[in-house]
Amino acid sequence: MTIRLASIIVGLALTAVLVLWSLAPGLLNFALPEDPPYYAYQEENIQPAGGFVFEGPLGTWDEQQLQRGYQVYKEVCSACHSLKYVAFRNLEQLGYNEAEVRAEAANWNVPGIDPLTGEATTRPATPTDYFPSPYPNDVAARAANNNAIPPDLSLMTKARKDGTHYVYSLLLGYNEPDPEDVAKSPDFETPAGLYFNEYFYNINIAMPPQLYPDLITYSDGTEATPEQMAEDVTAFLTWTAEPSLVERKQTGWFVIGFLFFATILAFLSYKQVWAGLKPKKT
Amino acid sequence: MSFAWAKQYEPKSAFTKWVDEKLPVPRLVYNAVGAGYPVPRNLNYMWNFGVLAGFCLVLQIVTGVVLAMHYAANTEVAFGTVEHIMRNVNYGWMMRYAHANGASFFFIVIYLHIFRGLFYSSYKAPREMIWLLGVVIFLLLMATAFMGYVLPWGQMSFWGAKVITGLFGAIPFIGEPLQIWLVGGYAPDNAALNRFFSLHFLLPFVTAGVVILHIWALHIPGSSNPTGVEVKKESDTVPFHPYYTAKDGFGLGIFLILFTFMVFFLPNTLGHPDNYVEANPLSTPALIVPEWYFYPFYAILRAFTGDLTIPFTGIVLIEAKLLGVIAMFGSILVWFFLPWLDKSPVRSGHYRPLFNKFFWLGLMPCMGALFYLGGAKPEEPYIVLSQIFTAYYFLHFLVILPIISQIEVPKPLPFSITEAVLGSDDKPGSSTGGGTHPKPKDAVKDLPGRDPDGSLQPAE
Ligand code: HEC
Ligand code: HEM
């Protein structure tokens, strides 16, 4: 009895503290969040017509597309962004053979040591090296990019909400601000050195627009429209973030198929074992 | 102990006889989860979750030990070693996704297991000790999961650890030195990461020990059941094996299908994208939230927004932060007192009309809301809502439950489990398929120790 009385007292006291000191003042000043006075970013991402080929439980990589995406990364993004968790040997997964990977790696320079003097220098990469960073350090990266560091892209499509669609939207999101929304947000401006991008959380991004028609010449002859390049490089970055994506889903089908089979058997043996007991009342 | 009619282990071969004499482990298993453990015949699927929780613990230990072979607890490289597991270790991605989603599924299972206990009042005599040990397991599980989430050293790892360890700073006087001592510095760093790894490795084995005690305590009164009427005679029970091993096998199959679906097709859905960004003490994420399974407690923590002051003097008695910490820990600690707060002699919610209403229309929606609010942005209307539901949470356990258990008029209970299942009792042939020797003397009606509901304690 005592414990229940004590409990009721403690419960009422705690509730009183909560209601009188937290809830009541909160209710007095109750204010629903106003529409932000600044231009709000677009949370709904766009995607290519028909979606990406690797999406959905049955999606797989399109090696041609990954190779094109790699070309976009190499010729455009790698000027500012590293891929520090991806090694050149991983490119074999894109359909290149060992010799091609070796040759491709040699096109890149990575930090090395002069074998004669021991001084820091650069050397051509080998397949076991990882993609190098374009900047020697963060200070240099900031200095070259209006005080913003271009983030490493290895994990980008997993590091943002709805990441694959986000990266695609971001690359194509350098639109003109909507005049109506601008009128509603007096604080809106795009400072010099930043670029309006409605998918970036901050609306103004330090990365200049990247994709222009025919910016690169695809080695497989595909026409290099901004949409095409955005789709390809996004596919490539989805692969860098999760090289096991397709293997994972294929393994999943196998495992779940087996489990369905096993569970049906388990269900039948459960029914069989219990069949001897009297049925439940109806 | 067991019921008088429990089957006895009989070693057959010379080898098993030899083992049984020297170290009777097979006998232990036979009595714990084999044919030697008589279980009520009417358990529903809510009784599958104990075995599933045990499975989750084993799963976490197996995947965790493999991960630990490739992981390094150093802030310089921790994030990178996790990526190394994901990319270079054979099937490392599978191990990591299984471990991460395994934690989530462990909590799903445990929450269902706990709410089963709350609805059927499994915490009541004679099962108080099972319940108390269960709450200890839950606390251990929360600590383990929290420290595990810090290990990949992503943004949420770091900032989550910073917020939660910062709570110790709310304790008056000793708070700050205590926090620095626990974390090994002013903010989580290498020292913290190392001790978290050490403890994250250790605690599951401690948990396994407490689980053994939990099951030991369970085997003294035996399992409860959906009627809440205690076992009276042999026809009320079936041997655990093969009846419940078969049913648990089916339950495990369903569990594994759901679990592997998440692991192989939606492995990052329950996680937070920010944790794929390496920890950066200089850049605060827009919204710091823990993993989903802590949301209700996080909502309670954040509900206290005002200091407790003496009105019109401005003297602060207890700071809001400390109130939140007290309430957050208190919200779990109240579970320790449940067996003594709910005095109704009837166990099952099915026979308790008032309790039933408050459970389904009060506690369950309240928990649902707290789950949602813990992950919401700290702005209105979420703050006021979390205050209202936090208040209900405490009122439910501390005020409503003691009162309804006093005033409620329960519905009539079935005489026995057999009657509940078959609609009649004591008819010839009503004995179970498992009872191989249906003798009339299997009823234990004359033993002392009658419960208020007319049921009996099994003989020790
Ligand atoms: C001239 C240098 C430069 C080039 C070339 C460049 N970026 Fe960026 N990028 C930046 C900078 C700087 C930022 C950081 C922006 C900020 O924080 O405001 C950035 C940020 C990003 C982000 C992260 C946005 C976020 O949510 O934080 C993505 C994704 C991205 N770039 C993709 C690309 C891709 C894909 C390419 C190649 C098509 C590319 N970038 C080429 C400079 C560059
Ligand atoms: C690692 C975690 C846990 C494991 C492995 C575990 C395991 C089990 C098992 C195997 C049973 C018997 C089967 C069943 O009734 O479902 C059981 C019963 C029980 N558990 Fe747990 N449990 C765990 C955590 C908890 C927690 C956190 C609580 C409560 C806070 C709890 C409360 C109970 C109660 C009250 C019973 C007896 C229920 C009854 O027979 O009616 N358990 N547990």
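Since this is a predicted model, take the numbers as computed values, not measurements. (Residues numbered from 1 in each chain as written. Chains lettered and ligands numbered in written order. Predicted model: local features only at pLDDT ≥ 70, side-chain atom pairs only at ≥ 80, totals over all residues.)

Bringing the site of ligand 1 into the picture now. Residues and elements named next belong to chain A. Around ligand 1 sit 22 residues, and of these Cys77, Cys80, Asn145, Ala206 and Met207 come closest. For the shell around ligand 1, the leading source of residues is helix α6 (residues 163-171), giving three residues. Here the residues of the shell around ligand 1 are counted per class, giving 18 nonpolar, three polar and one charged. (Near = placed C-beta within 6 Å. Helix = DSSP H or I, 4+ residues; strand = E, 2+ residues; numbered from the N terminus. Nonpolar A, V, L, I, M, F, W, Y, C, P; charged D, E, K, R; others polar.)

Once that is clear, we can look at the interface of chain B and chain A. Taken residue by residue, the interface counts 53 residues in chain B and 53 residues in chain A. Of all elements in the fold, only α4 (78-87), α10 (240-265), α12 (320-341), α14 (382-407) and α15 (417-422) of chain B reach the threshold of two or more residues within the side of chain B that touches chain A. Split into classes, the residues belonging to the side of chain B that touches chain A amount to 33 nonpolar, 12 polar and eight charged. (Contact = placed C-beta atoms within 7 Å.)

A few words on unusual backbone geometry. Generally, phi is negative for residues other than glycine and the peptide bonds are trans, each holding for most cases. Across the junction of B:His241 and B:Pro242, the peptide omega takes the value 5°, indicating a cis bond. Tracing the backbone through its elements, the reader meets B:Pro242 in helix α10. The linkage connecting B:Glu380 with the following residue, B:Pro381, adopts the cis geometry, with an omega of 5°. Mapped onto the fold, B:Pro381 is located in the loop between α13 (353-373) and α14. For A:Asn147, which is not a glycine, the phi torsion comes out positive at approximately 70°. For A:Asn147, the position within the fold is in the loop between α4 (138-144) and α5 (156-159).

Glancing now at the site of ligand 2. Taken together, the neighbourhood of ligand 2 is formed by 28 residues, with B:Gly50, B:Ser122, B:Gly134, B:Phe138 and B:Ser224 sitting nearest. Within the residue set of the shell around ligand 2, elements represented by two or more residues are α3 (49-68), α5 (92-119), α6 (128-150) and α9 (190-219) of chain B.

It is worth spelling out the environment of B:Glu21 at this point. All names here are of chain B. Take Glu21: it is sitting in helix α1 (residues 14-22). We classify Glu21 as exposed; it has 9 C-beta atoms within 10 Å. Distance from Glu21 to Pro11, taken between C-alpha atoms, is 9.9 Å for residues 10 residues apart in sequence. (Buried ≥ 20, exposed ≤ 12 C-beta atoms within 10 Å, placed from the backbone.)

What follows is about the packing of helix α1 (residues 2-28) of chain A against α14(B). At a minimum axis distance of 8 Å, the contact between α1(A) and α14(B) shows a crossing angle of 165°. Here α14(B) runs roughly antiparallel to α1(A), going by the angle between their axes. Remark: the crossing between α1(A) and α14(B) carries left-handed chirality. Here the contact of α1(A) with α14(B) is built from residues that sort into 16 nonpolar, seven polar and one charged. (Axes fitted to C-alpha atoms, helices over the stretch in contact; angles between N-to-C directions. Parallel < 35°, antiparallel > 145°, perpendicular 65-115°, else oblique. Left-handed = near helix turned anticlockwise from the far one by under 90°.)

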